[in-house]
Amino acid sequence: MKKLILILFHLTIAYLLKAQPPQQPIVLGRIDTVYSNILKENRPLWVYTPGYDTNYFSKPEFPVLYVLDADDHFMSLVTMVKELSATAGNTVLPQMIIIGILNTPHHRTRDLTPTNSAMDKSSGGGENFAAFMENELIPYIDKKYPTAPYRTMIGHSIGGLTAINMLLKHPQVFNAYIAIDPSMFYDNDNLLKQAPTILKQKNFSGKKLFLAFANTMNPGLDTVQVKRDTSEISHHIRSIMKLADNLTLNKTNNLQLAKKYYPDDDHNSVPFNAEYDGLRFIFKNNRFPRNQPYNQYFDKQYSAAQLRKMIDEHYSLMSKERGYIVHPPEAEMNGVGYAFLQQKDYEKAAMFFQVNIDNYPKNFNVYDSMGDCFLARDDKANAENYFKKALSIKYTKEIMDKLDKVQAAK
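Residues numbered from 1 in each chain as written. Predicted model: local features only at pLDDT ≥ 70, side-chain atom pairs only at ≥ 80, totals over all residues. Heavy atoms only, no water.

Draft legend 1. Looking closely at the overall build of the protein. When helices and strands are tallied, the protein shows 15 helices and 8 strands. Residues classed as buried in the protein amount to 52% of the 410 residues present. Long-range contacts, defined here as pairs at least 24 residues apart, represent 70% of the contacts in the protein between residues at least 6 apart. Summing over all exposed atoms, the protein offers an accessible surface of approximately 19,600 Å²; the carbon and sulfur share of this is 53%. Here the protein contributes 48 positively and 43 negatively charged side chains, and the mean placements of these two sets differ by 4 Å. (Helix = DSSP H or I, 4+ residues; strand = E, 2+ residues; numbered from the N terminus. Buried < 20%, exposed > 50% of the residue type's maximum accessible area, 1.4 Å probe, protein only. Contact = heavy atoms within 4.5 Å. Areas by Shrake-Rupley, 256 points an atom, 1.4 Å probe, with all protein chains shown as cover. Lys, Arg positive; Asp, Glu negative; His and termini not counted. Charge placed at Lys NZ, Arg CZ, Asp CG, Glu CD.)

Draft legend 2. Main features of the pairing of strand β5 (residues 147–156). Most of β5 sits inside the fold, with 9 of its 10 residues counted as buried. The pairing of β5 with strand β6 (residues 176–180) spans 5 bridges and is parallel. What sits directly across from I154, in β6, is I178. A crossover connection joins β5 to the parallel β6 through helix α5 (residues 158–169); in handedness this β-α-β unit is right-handed. (Pairing = 2+ DSSP bridges. Right-handed = clockwise from strand over helix to strand, strands pointing away.)

Draft legend 3. Inspection of the pattern of salt bridges at higher detail. Following the criterion strictly, the structure yields 18 salt bridges and no others. With a closest N to O distance of 3.0 Å, K144 and D32 form a salt bridge. On the criterion of sequence distance, the pair formed by K144 in helix α4 (residues 126–144) and D32 in strand β1 (residues 30–36) is long-range, its members being 112 residues apart. You can call K144 partly exposed: its relative accessible area is 45%. Of the residues examined, D32 reaches a relative accessible area of 8% and is grouped as buried. When salt bridges that share partners are traced, they join E41, R43, R110 and D111 into one network. (Salt bridge = Lys/Arg side-chain N within 4 Å of Asp/Glu carboxyl O.)

Draft legend 4. View of the packing of aromatic side chains. Scanning the model with the defined rule gives 15 aromatic pairs in all. Centroid distance W46 to F74: 5.8 Å. Interplanar angle 65°. Geometry classified as edge-to-face. Placement of the pair is W46 in strand β2 (residues 41–48) and F74 in helix α2 (residues 70–85), with a sequence separation of 28 residues. A relative accessible area of 4% places F74 in the buried class. Note on F210 and F281: the rings are 6.3 Å apart at their centroids and 40° apart in plane angle, and the pair reads as tilted. Note that F210 is positioned in strand β7 (residues 208–214) and F281 in helix α8 (residues 270–282), a separation of 71 residues in sequence. Assigned by exposure class, F210 and F281 land together as buried. In textbook terms, an aromatic cluster arises when at least three aromatic residues are bridged by ring pairs, as seen for F288, Y297, F298, F340 and F352. (Phe/Tyr/Trp six-rings, centres within 6.5 Å; stacked < 30°, edge-to-face > 60°.)

Draft legend 5. Helix α12 (residues 346–359), seen in detail. Between its terminal C-alpha atoms α12 stretches 20 Å, which fits the 20 Å expected from 14 residues at 1.5 Å a residue. What α12 keeps buried is the set K348, A349, A350, M351, F352, F353, V355, N356 and I357. (Expected span 1.5 Å × (residues − 1).)

Draft legend 6. Broad picture of the sheet that holds strand β8 (residues 256–262). Taken in spatial order, the 8 strands line up as β1-β2-β4-β3-β5-β6-β7-β8 in an open sheet, and their pairing is mixed. Two strands close off the open sheet at either side, each with one partner strand: β1 and β8. Averaged over neighbouring strand pairs, the angle between their axes works out to 20° when direction is ignored. Where β7 meets β8, 7 bridges bridge the pair, whose relative direction is parallel. The residue bridging L211 from the neighbouring strand is K259, located in β8. (Axes fitted to C-alpha atoms, helices over the stretch in contact; angles between N-to-C directions.)

Draft legend 7. How the structure looks around the packing of helix α11 (residues 330–342) against α12. One way to put it is that α11 packs onto α12 with a least axis distance of 8 Å and a crossing angle of 165°. Put simply, α11 runs roughly antiparallel to α12. Here α11 and α12 pass one another in a crossing that is left-handed. Taking contact as the criterion, the partners of E330, M333, N334, V336, G337, Y338, F340 and L341 in α11 are, on α12, Y346, K348, A349, F352, F353, V355 and N356. Here the contact of α11 with α12 is composed, by residue class, of 10 nonpolar, 3 polar and 2 charged. (Parallel < 35°, antiparallel > 145°, perpendicular 65-115°, else oblique. Left-handed = near helix turned anticlockwise from the far one by under 90°. Nonpolar A, V, L, I, M, F, W, Y, C, P; charged D, E, K, R; others polar.)

Draft legend 8. Representation of the packing of α2 against α8 within the structure. One can describe the packing of α2 onto α8 by two numbers: an axis separation of 11 Å at closest approach and a directional angle of 40°. Accordingly, the angle class assigned to the pair α2 and α8 is oblique. α2 and α8 meet at a crossing whose hand is right-handed. Contact residues: H73, S76, L77, M80, V81 and L84 in α2; P271, F272, E275, Y276 and L279 in α8. Classifying every residue of the contact of α2 with α8 by side-chain character gives 8 nonpolar, 2 polar and 1 charged.

Next up, the structure:
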């Protein structure tokens, strides 16, 4: 049994980080690689996975964030996601696996352009790259890492063009998209010209798109004037604005859309802000009802029954939005349960332990925790039953010792 007190957990982590030897490296992820038969090459990956402990808790499932041009965006995204999903109890974003797709030498344009342009003979491999992601990369990631069936794609510049191409032509691959200053002007507006027809014909139910565009127009112009401008320098922003107009006009295709113009950012400075805003849009309902969940859990105005109702309603909403069953985090529920047990608030402790029993009935630890709760209440009969149930799933000497003591005291 693991008595994980999450309230103290973050302070402990901060202390441990301070105590580390100065020469120890800071690790943000791991290096992986997958061979592509479609592209005929090894594809390097950078991978971040949230920490989890399967000695006591069930194997979790995490939504997956795929980001193109990983060498530019991976590290900032890892920091951002960790800060907003785990640090100090934040639940602004869910904890996520992040897959950084690096470019192979001289193949960025090949992979991130959907059609061949006369201006670059190496271009136009976007459909092969789409097939690689759908048929090779994603199955590899799903097999190797603890993924949930919810995938978000982030792309900037021609990576943003790739994201729009995936949405329009391969919408089954990803659930959500963040397209940052996409190069919709590419190949004489080729994909942009196809967009109106596709947006009218397809149903994008359950899909989300955050479209970001930066200030790349000539000084003195605004977003109204630039639409009438014919200079080449404004072609980029005009093409994105035209896409935005097409997306807005097609309201019957069920695409959930948010778009934002960043007047104080240019093409190269916009990604960080857009990634933040895009993730906030896609996961806007992830935050437990008010803010940090502990503010609700330990607010004395709520009864155990009210808290249970809030938890059930929140995760029911999450499940409906994402299209799969989203459970309350087992380790968090366990930790909060023990916090209430230390306060001798047995009703709320039992409620949190019951949440885990209802959602993770195959795990031994959920029954051991409830056994501890009954033992603290001096209800030896129920404690014995729950310890036996835990042992029937997994034997541990610790639980066996507790059972022996309970039986000896009867």
